[in-house]
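Summary of the model geometry
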Amino acid sequence: MTSERTSKRIRIGVQIQPEHADYTAIRRAVRGCEDLGADVIFTWDHFFPLSGDPDGRHFECWTMLAAWAESTSRAEIGTLVTCNAYRNPELLADMARTVDHISGGRLVLGIGSGWFERDFTDYGYEFGTAGARLNELAEALPRIERRMSLLNPPPVRGIPVLIGGEGEKKTLPMVARHADIWHAFADPDTLARKTKVLNRCCADIGRDPAEIERSVAVNSVELGVHGTPEELGPRLAGLGVTLFTVGVGGPDFDMGLLRSWLAWRDGYEAQFSHSCRHPTSSSQ
């Protein structure tokens, strides 16, 4: 496996999972993440907890994001990821534009096809098949882009679109065509293989794959993506990953792992800056 350090800045994200907590604790966690130096603060788009008591406390994604836009000032905020099926694409574009303005241009629009069946059935959405949900996402993305171009006022910036997933037949071609950020739930070996597929998808449509930022969830133990920042970080960075995201759940929102990744980011960036200022003789 060839390790090639990307020239893009390393960023650390955190996904605040809004389960089993009062909103005051969630707000405190979000502010704490920004104070610690997180680059991006995400939430997820579910209607019920994914762990613990399935009927425990939980809050909706986009109404929280609007509040986060007011209660933060530096970090980007976003969804990891919005379920396409829960909102009309034109409405979602308008919601994203509005939150982008409230935040002063700090929104990341993460989007995917959805997977948690209870969210669909309890709220009256058709669950269908994974393939059908992906087809609907493929149809929605151009509609979102078109509505963004018609809104008055327009977004503060070109809102970065993050697409999550690694499916080779449908998801990665969508990433190549529409995404600014690709988020993978994959171990390094799988990521290396999927990256080659994404690069081919980009070549098919004449897009430079370097335009797409690579993002990974770094504490998905069930998917084999775990390890200390010192172990996992350089390996993923060598694959082109520049956004490393830690999941933090309620009600306690333990920030220990986030602190570790932030410390690694700062040390890694300092080391890279030093090596650029003082190249070795073999690289001159």
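In what follows, the accompanying structure is described. Given the structure is predicted, the values throughout are model-derived calculations rather than measurements. (Residues numbered from 1 in each chain as written. Predicted model: local features only at pLDDT ≥ 70, side-chain atom pairs only at ≥ 80, totals over all residues. Heavy atoms only, no water.)

The helix and strand inventory of the protein stands at nine helices and nine strands. In terms of overall size, the protein behaves like a compact globule, its C-alpha atoms giving a radius of gyration of 19 Å where 284 residues would be expected to give roughly 19 Å. Counting only C-alpha atoms and orienting by the principal axes, one finds that the protein spans roughly 65 × 45 × 40 Å. The contacts of the protein with a sequence gap of at least 6 include a subset with a gap of at least 24, amounting to 76%. About 13,100 Å² of surface is accessible on the protein, with carbon and sulfur atoms providing 50% of the total. Measuring between centres, the 31 positive side-chain charges of the protein sit 4 Å from its 38 negative side-chain charges. (Helix = DSSP H or I, 4+ residues; strand = E, 2+ residues; numbered from the N terminus. Rg over C-alpha atoms; globule rule 2.2 N^0.38 Å. Contact = heavy atoms within 4.5 Å. Areas by Shrake-Rupley, 256 points an atom, 1.4 Å probe, with all protein chains shown as cover. Lys, Arg positive; Asp, Glu negative; His and termini not counted. Charge placed at Lys NZ, Arg CZ, Asp CG, Glu CD.)

Considering the arrangement of structural elements, one finds G78 in strand β3 (residues 76-79). For G78, a relative accessible area of 0% corresponds to the buried category. Linking G78 and T245, residues 167 residues apart in sequence, is a C-alpha distance of 12 Å. Sequence-distant contacts of G78, defined by excluding residues within four places in its chain, comprise I41, F42, T43, L65, L107 and V108. (Buried < 20%, exposed > 50% of the residue type's maximum accessible area, 1.4 Å probe, protein only.)

In this structure the tally under the stated criterion is 16 salt bridges. With its nearest N and O atoms 2.8 Å apart, the salt bridge here joins R11 to E213. With R11 in strand β1 (residues 11-17) and E213 in strand β8 (residues 213-217), this pair connects stretches of sequence that are 202 residues apart. By the burial criterion, R11 is buried, and E213 matches it. Residue D94 pairs with R97 through a salt bridge whose shortest N-O separation is 2.6 Å. Linking D94 with R97, this pair stays in helix α3 (residues 89-103), spanning three residues, or about one helical turn. (Salt bridge = Lys/Arg side-chain N within 4 Å of Asp/Glu carboxyl O.)

Moving on, we get to unusual backbone geometry. Phi is mostly negative for residues that are not glycine, and the peptide bonds are mostly trans. Following N152, the chain continues into P153 via a peptide bond in cis, with omega recorded as 5 degrees. For the bond running from G250 to P251, omega is 10 degrees, close enough to zero to count as cis. Mapped onto the elements of the fold, P251 is located in the loop between β9 (241-249) and α9 (256-277). Not every positive phi belongs to a glycine, and H20 is a case in point at roughly 65 degrees. With respect to the helices and strands, the residue H20 is situated in the loop between β1 and α1 (23-36). The residue F253 is not glycine, and still its phi comes out positive at about 50 degrees. Taking the relative accessible area as the measure of exposure, F253 reaches 7% and is therefore buried.

Judged by how many residues are buried, β8 sits mostly within the fold: five of five residues are covered. Of the two faces of β8, the one carrying E213, S215 and A217 and the one carrying R214 and V216 are both buried. Where strand β7 (residues 181-184) meets β8, four bridges bridge the pair, whose relative direction is parallel. Bridged to H183 within β8 is S215. What joins β7 to β8 is helix α7 (residues 188-205), and the crossover it makes is right-handed. As defined by bridge partners, β8 adjoins β9 across four bridges and the pair is classed as parallel. Bridge assignment links S215 to a residue of β9, and that residue is L243. (Pairing = 2+ DSSP bridges. Right-handed = clockwise from strand over helix to strand, strands pointing away.)

With that settled, the discussion passes to α3. With 15 residues, α3 extends 21 Å between its outermost C-alpha atoms, agreeing within 8% with the 21 Å of an ideal straight helix rising 1.5 Å per residue. Of all the positions in α3, only P89, L92, A93, A96, R97, V99, D100 and S103 are classed as buried. Down the axis of α3, the buried side of the element spans an arc of 170 degrees, and every buried residue falls inside it. Residues of α3 that are buried make contact with α2 (61-71), β3, β4 (82-83), β5 (107-112) and α5 (130-150). One side-chain oxygen of the residue at the start of α3 lies 2.8 Å from the amide nitrogen of E90, identifying that residue as N88. Remark: G104 follows α3 within two positions and exhibits a positive phi of approximately 75 degrees. (Expected span 1.5 Å × (residues − 1). Arc of directions from axis to C-beta. Polar contact = N/O pair within 3.5 Å; in protein donor to acceptor, adjacent residues only side chain to side chain.)

Okay, the packing of aromatic side chains next. Any aromatic ring pair is given by two values, namely how distant the centres are and how the planes are angled relative to each other. Per the counting criterion, the structure on display carries 12 aromatic pairs. Where Y86 meets F120, the ring centres are 5.2 Å apart and the plane angle is 65 degrees; that geometry is what we call edge-to-face. Of the two residues, Y86 sits in the loop between β4 and α3 while F120 sits in helix α4 (residues 117-122), which places them 34 residues apart along the sequence. A residue is classified by how much of its surface remains accessible, and F120, at 0% relative accessible area, is buried. Ring centres of F120 and F127 lie 5.1 Å apart, and the angle between their planes is 75 degrees; on these two criteria the pair is classed as edge-to-face. Within the aromatic cluster, the residues linked to one another by ring pairs are F47, F48, Y86, F120, Y123, Y125 and F127. Above the plane of the ring of F48 lies R118, whose end atom (NZ or CZ) is 3.7 Å from the centre. Taking the ring centre of F120 as reference, the NZ or CZ of R133 above it sits at 5.7 Å. (Phe/Tyr/Trp six-rings, centres within 6.5 Å; stacked < 30°, edge-to-face > 60°. Lys NZ or Arg CZ within 6 Å of the ring centre and 35° of its normal.)

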